[in-house]
Amino acid sequence: MKPSIHTHPRPLTDRVSQGVAMLGVALLVISIPFQFFLGLAGGTLFFLAIVFSLLLTLPLLMTTVIAPTIQIDANGFTLKPIFWKKQTVKWADITAVKPYPLLPPSDAEVTRRIAVGRVKYAPANGIMLTIPKLSWMYRIGGFFAGEKRQPIIAITNRAHSRYDELVYAILQSTDIAIHDDELKAKK
């Protein structure tokens, strides 16, 4: 297998959106002590606001790790998120390959279809990889994708350049027994 790197098709957009997400996390975390002291001062609803602030950090953190840049080679691949440390994954570390359920269906993207034009529009497509050895942040994506507490990453045509080549390499390099039935039917 020829080594290749699969970055976001629009790197500046990716960096800005992840920067905004991290800024949101920082602001929410900074607001928690203030909410606590306001709660002590008599505003008991501020204690509830602390819980909501903590819960709101989860989807923001997920956006920083769910679809990182991926560099593949014959042994596996390296995840290169913008704000977190690189992680190397061997092909054998992947325990499941499934369709990614958090993508919008094409009939729900009327505005996007109008914005990019019918000719350029491509429906969202993606797979997710369950990789138990990944750190806790990747478990957030697994929770939202219905994988309970399993760490996942997503490979999508909106977040990775040369998407078809990347999916082909993953499907060829992983054991067919861990592929979802829906993916086996598409082969």
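Check the entry above for the structure.
A.B. asks: Break down the sheet that holds strand β2 (residues 69–72) for me, with residues and values.
C.D. replies: Across the sheet, which stays open at both edges, the four strands sit in the order β1-β2-β3-β4 with antiparallel pairing between neighbours. Bordering the open sheet on either side are β1 (4–6) and β4 (87–90), each of which pairs with just one other strand. Each strand of the sheet is rotated relative to its neighbour by a mean of 20°, with strand direction disregarded. With four bridges joining them, β2 and strand β3 (residues 76–80) adopt antiparallel strand pairing. Among the inter-strand pairings, Gln 71 is bridged to a residue of β3, identified as Thr 78.

A.B. asks: Any chance you could break down the pattern of salt bridges for me, citing the residues and the numbers?
C.D. replies: Considering all chains together, one arrives at four salt bridges under this definition. As a salt-bridge pair, Lys 98 and Glu 147 come within 3.1 Å of each other at their nearest N and O atoms. Here Glu 147 lies in the loop between α4 (137–144) and β7 (152–156) and Lys 98 lies in strand β5 (residues 96–99), a separation of 49 residues in the sequence. The closest approach of N and O atoms between Arg 162 and Glu 165, which form a salt bridge, is 3.2 Å. On the basis of relative accessibility, which here comes to 42%, the residue Arg 162 falls in the partly exposed class. With relative accessibility at 37%, the residue Glu 165 sits in the partly exposed group.

A.B. asks: Help me get a handle on the side chain of Glu 109, residues and values and all.
C.D. replies: Locating Glu 109 in the fold gives a position in the loop between β5 and α3 (110–116). The exposure class assigned to Glu 109 is buried, which follows from its relative accessible area of 8%. Reaching out from Glu 109, the side chain makes a polar contact with the side chain of Arg 158 at a distance of 2.8 Å.

A.B. asks: An account of the packing of aromatic side chains is requested, with residue identities and associated values reported.
C.D. replies: Taken as a whole and judged by the stated rule, the model has four aromatic pairs. Between the aromatic rings of Phe 36 and Phe 37, the centroid separation amounts to 5.7 Å while the plane-to-plane angle is 70°, which identifies the pairing as edge-to-face. Residue classification places Phe 36 among the partly exposed residues on the basis of a relative accessible area of 37%. On the accessibility criterion, Phe 37 (55% relative accessible area) is exposed. Here Phe 77 and Trp 91 contribute two aromatic rings whose centre-to-centre distance is 5.4 Å and whose plane-to-plane angle is 65°, an arrangement assigned as edge-to-face. On the criterion of sequence distance, the pair formed by Phe 77 in strand β3 and Trp 91 in the loop between β4 and β5 is long-range, its members being 14 residues apart. Three or more aromatic residues joined by ring pairs make a cluster, and in this case those are Phe 36, Phe 37 and Phe 47. Here the basic side chain of Arg 113 rests over the ring of Tyr 121, its NZ or CZ set 4.7 Å away from the ring centre.

Reading the values: the criteria
Residues take numbers from 1 onward in each chain, read along the sequence in its written order. Residues qualify for local features only when their pLDDT is at least 70, as the model is predicted, and side-chain atom pairs are given and counted only at 80 or more; totals for whole chains, interfaces and linings, by contrast, use all residues. Side-chain calculation: all heavy atoms of the structure are included, whereas hydrogens and water are not. In this scheme, strands are said to pair when DSSP sees at least two bridges between them. Comment: elements are numbered from the N terminus, with helices defined as DSSP H or I runs of at least four residues and strands as E runs of at least two. Inter-axis angles, ranging from 0 to 180 degrees, are taken between N-to-C directions of lines fitted to C-alpha atoms, where helices are fitted over the stretch in contact. Each reported salt bridge corresponds to a side-chain nitrogen of Lys or Arg within 4 Å of a carboxyl oxygen of Asp or Glu. Exposure categories follow from relative accessible area, calculated using a 1.4 Å probe and restricted to protein chains: below 20% of the type maximum is buried, above 50% is exposed, and the middle band is partly exposed. Whenever two N or O atoms come within 3.5 Å, that pair is a polar contact, provided that in protein one can donate a hydrogen and the other can accept it, and provided that, for residues adjacent in sequence, both atoms are side-chain atoms. Pairs were defined over the aromatic rings of Phe, Tyr and Trp, the Trp ring being its six-membered one, requiring ring centres within 6.5 Å. Orientation was assigned from the angle between planes: stacked under 30 degrees, edge-to-face over 60, tilted for the rest. Consider the ring centre and the ring normal. A charge sits over the ring if Lys NZ or Arg CZ is within 6 Å of that centre and within 35 degrees of that normal.

Purely geometric numbers; function is a separate question.
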